[in-house]
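Examining the three-dimensional arrangement
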Amino acid sequence: MVQFLGNPGATGDHIHMVTLDKTGKKSFGICIVRGEVKDSPNTKTTGIFIKGIVPDSPAHLCGRLKVGDRILSLNGKDVRNSTEQAVIDLIKEADFKIDLEIQTFDKNDDQQPKSNGYMQAKNKFNQDQTNNNNNQGMGGQGGMGMNQGMNQGMGGPGMNRQNTMQKRNTTFTASMRQKHSNYADEDDEDTRDMTGRIRTEAGYEIDRASAGNCKLNKQEKDRDKEQEDEFGYTMAKINKRYNMMKDLRRVEVQRDASKPLGLALAGHKDRQKMACFVAGIDPNGVLANLEIKPGDEIVEVNGNVLKNRCHLNASAVFKNVDGDKLVMITSRRKPNDEGMCVKPIKKFPTSSDETKFLFDQFPKARTVQVRKEGFLGIMVIYGKHAEVGNGIFISDLREGSNAEVAGVKVGDMLLAVNQDVTLESNYDDATGLLKRAEGVVTMILLTLKSEEAIRADKEAEEKKKEEAKKEAEKPQEPATAEIKPNKKILIEMKVEKKPLGVIVCGGKNNHVKTGCVITHIYPEGAVAADNRLKIYDHICDVNGAALHVDGMTTLKVHQFFHATYEKTVNFTVYRADPPELEKFNVDFMKKSGKELGLSLSPNEKGCTIADIIQGQYPEIDNKLQRGDVITKFNGDTLEGLTFQVCYALFKGANGKISMEVTRPKPTLRTEAPKA
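A quick note: this is a predicted structure, and the numbers were derived from the prediction, not measured.

Calculation criteria
- Residues numbered from 1 in each chain as written.
- Predicted model: local features only at pLDDT ≥ 70, side-chain atom pairs only at ≥ 80, totals over all residues.
- Heavy atoms only, no water.
- Helix = DSSP H or I, 4+ residues; strand = E, 2+ residues; numbered from the N terminus.
- Buried < 20%, exposed > 50% of the residue type's maximum accessible area, 1.4 Å probe, protein only.
- Contact = heavy atoms within 4.5 Å.
- Areas by Shrake-Rupley, 256 points an atom, 1.4 Å probe, with all protein chains shown as cover.
- Core = buried A, V, L, I, M, F, W, Y, C linked by side-chain atoms within 4.5 Å.
- Salt bridge = Lys/Arg side-chain N within 4 Å of Asp/Glu carboxyl O.
- Polar contact = N/O pair within 3.5 Å; in protein donor to acceptor, adjacent residues only side chain to side chain.
- Patch = residues over 30% accessible without salt bridge, like charges linked within 9 Å, V, L, I, M, F, W, Y side chains within 5 Å.
- Lys, Arg positive; Asp, Glu negative; His and termini not counted.
- Charge placed at Lys NZ, Arg CZ, Asp CG, Glu CD.
- Phe/Tyr/Trp six-rings, centres within 6.5 Å; stacked < 30°, edge-to-face > 60°.
- Lys NZ or Arg CZ within 6 Å of the ring centre and 35° of its normal.
- Axes fitted to C-alpha atoms, helices over the stretch in contact; angles between N-to-C directions.
- Left-handed = near helix turned anticlockwise from the far one by under 90°.
- Arc of directions from axis to C-beta.

1. Looking at the overall build of the protein
- If you tally the helices and strands in the protein, you get 17 helices and 35 strands.
- Taking all 675 residues of the protein together, 48% fall into the buried category.
- Counting only contacts in the protein whose residues sit at least 6 apart along the sequence, the fraction spanning at least 24 positions is 68%.
- Carbon and sulfur atoms make up 48% of the accessible area of the protein, which totals about 34,400 Å².

2. Structural notes on the nonpolar core
- Core analysis: the largest hydrophobic core is formed by 31 residues, its most contacted members being L533, F561 and F571.
- At the level of secondary structure, the elements contributing two or more residues to this core comprise β24 (488-494), β25 (502-505), β26 (516-521), α14 (526-530), β27 (538-542), α15 (554-562) and β29 (568-574).
- Per element, the largest residue contribution to this core is four residues, and it comes from β26.
- The contact partners of F561, leaving out residues within four places of it in the chain, are L500, V502, V504, C516, I539, V542, L547 and F571.
- I394, A437, M443 and L445 belong to the second largest nonpolar core, which has 22 residues in total.

3. Here's the deal with unusual backbone geometry
- P578 follows D577 through a cis peptide bond whose omega is 5°.
- For P578, the location among the structural elements is in the loop between β29 and β30 (581-590).
- For D56, which is not glycine, the phi dihedral falls at a positive 65°.
- Summarising the element assignment, D56 is placed in the loop between β4 (43-53) and α2 (58-61).
- Residue N75 is not a glycine yet carries a positive backbone phi of 50°.
- Structurally, N75 is set in the loop between β5 (70-74) and β6 (77-78).
- Take N75: its relative accessible area is 38%, and that puts it in the partly exposed class.

4. A word on the pattern of salt bridges
- Across all of its chains, the model carries 25 salt bridges by this definition.
- With a shortest N-O distance of 3.0 Å, R333 and E297 are connected by a salt bridge. Linking R333 in the loop between β17 (325-331) and α10 (356-361) with E297 in strand β15 (residues 297-301), this pair joins segments that are 36 residues apart in sequence.
- Overall, E297 belongs to the buried group, its relative accessible area being 3%.
- Between K497 and E566 there is a salt bridge, with its nearest N and O atoms 3.7 Å apart. Pair noted here: K497 is in the loop between β24 and β25 and E566 is in the loop between α15 and β29, with a separation of 69 residues, a long-range link. Residue K497 shares its accessibility class with E566, and that shared class is exposed.
- Via salt bridges that share partners, D229, E230, R250, E252 and K325 belong to a single interconnected network.

5. Thoughts on the side chain of D296
- Tracing the chain through its elements places D296 in the loop between β14 (277-281) and β15.
- Accessibility expressed as a relative area gives 0% for D296, which makes it buried.
- A polar atom in the side chain of D296 sits 3.1 Å from the backbone nitrogen of K293.
- For D296, the side chain forms a polar contact with the side chain of R332, separated by 2.5 Å.

6. Comments concerning a negative patch on the surface
- On the surface, a cluster of negative charge is made up of E461, E462, E466, E467 and E473.
- With respect to the element layout, E461 can be found in helix α13 (residues 451-473).

7. Quick notes on the environment of K225
- Within the secondary structure layout, K225 lies in the loop between α7 (218-223) and α8 (235-241).
- Measuring from C-alpha to C-alpha, the distance between K225 and A236 comes to 9.2 Å, with 11 residues separating the pair along the chain.
- A polar atom in the side chain of K225 sits 2.9 Å from the backbone oxygen of D222.

8. Let's talk about the packing of aromatic side chains
- Applying the stated criterion across every chain, the model contains six aromatic pairs.
- Ring pairs connect the aromatic residues Y204, F231 and Y233, which therefore count as one cluster.
- For the cation-ring pair, K22 lies above F28, with the distance from its terminal atom to the ring centre recorded as 5.1 Å.
- The lysine or arginine in question, K594, covers the ring of Y617, its NZ or CZ lying 4.8 Å from the ring centre.

9. Side note on the packing of helix α9 (residues 311-320) against helix α12 (residues 427-436)
- Taken N-terminus to C-terminus, the directions of α9 and α12 make an angle of 65°; their axes are 9 Å apart at the nearest point. Considering only the axes of α9 and α12, their crossing is left-handed. On α12, the residues touching A316, V317, K319 and N320 of α9 are D428, D429, A430, G432, L433 and R436.

10. A look at α15
- Every buried residue of α15 is accounted for by T554, V557, H558, F560 and F561. Considered in projection along α15, the buried side chains sweep an arc of 145° and stay on one side of the axis. Facing away from the buried side of α15 by more than 90 degrees, the exposed set consists of L555 and H562.
- For α15, the elements touching its buried residues are β25, β26, β27, β28 (545-546) and β29.

As structure tokens, this is what we get:
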């Protein structure tokens with residue numbers, strides 16, 4: 001967490017509303033960070049603060065925002081306790097306009113807020129710091145909230161990132177030393193924000209999540225006698241940052257910019273996991289005699305975290321690292337450990353094309369070759385598209401350039417530059433690859449739908465769903481109505497004086513008192529011929545007469561289904577999904593030569609009890625009734641068995657008998673009769 005020093009409460013503050021409209025601009029132009037302001041030695045205010053303002057942006061031109069202002073709400077949503085990423089997401093979703101509730105702290109010039117060691121003037125924005133900190137913009141990884149030097153074409157004059165990174169900032173160094181001394185009294189838990197990047201005391205830019213930024217407590221500092229290197233590394237910090245990994249090592253090498261490293265990388269064999277493994281070492285390369293070998297996992301290089309990152313993008317990180325010195329943190333794995341997706345490469349170099357998978361993942365991707373003559377004539381930005389998510393996109397083209405002639409289009413997603421995949425790269429990685437590319441540059445591009453086309457498709461889909469919903473809600477013709485789950489349906493059935501052919505449960509002197517449910521359908525009846533009703537369907541009324549089974553005898557309920565109907569009969573049906581049932585067991589001792597006293601009718605669910613002869617077995621008399629379905633007999637399922645098999649099971653059984661019985665337990669759905 002960034003700490004802003006000062007005492008706003010002592011000098012006063014005020015709250016006001018600001019509306020930013022970025023129509024015609026690349027971004028709103030504010031950089032944010034989660035931090036805190038000390039009100040007094042014992043109190044502090046935390047929240048989301050403005051860390052930087054882009055010149056000529058909507059935030060700058062409105063004249064009502066300044067560095068150090070606190071954002072209280074965004075588009076009416078309170079963000080005082082929100083994370084930095086949550087606010088970034090809100091801004092991304094806001095389209096072209098945002099309403100900000102701002103708390104301004106009136107400070108003296110000697111009480112300016114310090115954000116990650118950068119001293120920023122009250123009403124001035126340092127462009128150099130913008131370029132070094134562009135990953136703190138509204139995009140989370142640099143680009144959605146800042147222009148990131150987009151006024152320069154790729155390959156043209158502009159940022160000299162190596163020179164900028166190696167500059168030593170005395171104000172920054174003093175601030176970091178003070179910050180480290182403050183941490184000495186804190187506990188072991190590191191609650192700082194680990195997103196984005198910071199600078200080390202030596203002036204090198206590293207990830208906040210790097211081991212170089214790992215916080216040691218007082219005892220750990222006292223034990224750590226090793227001097228930090230330019231990236232903040234010591235073995236104590238490395239072991240603490242990656243304490244769950246095996247055999248951690250720090251590998252340092254001086255490389256020749258004119259020679260390749262001789263390092264082959266591979267990913268994790270589990271496609272759901274991201275990792276960067278050493279697949280092979282060139283025996284004639286600069287790494288041949290170092291403490292690194294195939295199978296090692298590389299977790300960092302020069303303060304850039306590679307753990308949980310795709311190996312294809314890790315190669316771009318290696319190529320974009322400034323300077324001749326490489327410091328890698330590796331984890332040595334045992335030969336039988338799961339991990340690397342390929343066998344170690346023995347013949348070096350390998351001739352595999354790591355960009356082939358892009359065409360499998362994006363069938364509409366295309367290859368474009370552009371001759372670089374000083375510049376490519378394209379501008380890129382890190383952004384988000386509704387169709388594919390985050391990535392690197394072509395934001396502008398120089399008129400008449402080779403890129404425009406070759407067919408590059410504004411809005412295209414950049415998937416690869418030559419053999420380097422940029423699918424998960426950040427802005428710096430992608431622009432570094434484009435700047436270093438020479439001669440004929442091969443790019444893999446994906447043309448995406450415009451926002452208008454996506455919006456039109458979405459509207460068409462919503463309209464289609466709405467029409468389908470209206471169609472489903474239209475009243476159906478009872479003679480042909482389809483019975484749908486969890487909805488009352490009125491159906492009309494042709495009977496022509498033919499018996500219905502069903503067994504039902506329900507009645508006040510019945511175990512089922514909440515509804516009338518079909519438990520058996522005879523194949524020769526009218527219900528079977530109609531083929532719409534199923535076992536366990538709940539019948540709510542017959543020819544408009546509601547079945548209030550809690551006030552009707554079982555005999556009265558059965559009369560509705562044994563009556564002879566002239567031509568048609570109407571039913572209101574409810575089919576519960578899942579079926580509303582209860583299951584219980586009936587156990588008793590069957591005597592040899594004594595029948596069970598049950599008349600059974602097998603069906604697809606088991607055997608339905610069609611009748612019971614009283615007085616055979618008390619256990620059956622007390623628990624079972626007509627319409628119950630026996631689904632298991634002595635542990636054997638009866639579902640789908642023929643009558644002959646079921647008869648043999650019941651006839652031949654003696655001694656202890658165990659039956660699983662399924663009985664309807666419907667929800668009460670029949671409206672109470674009017675008085």
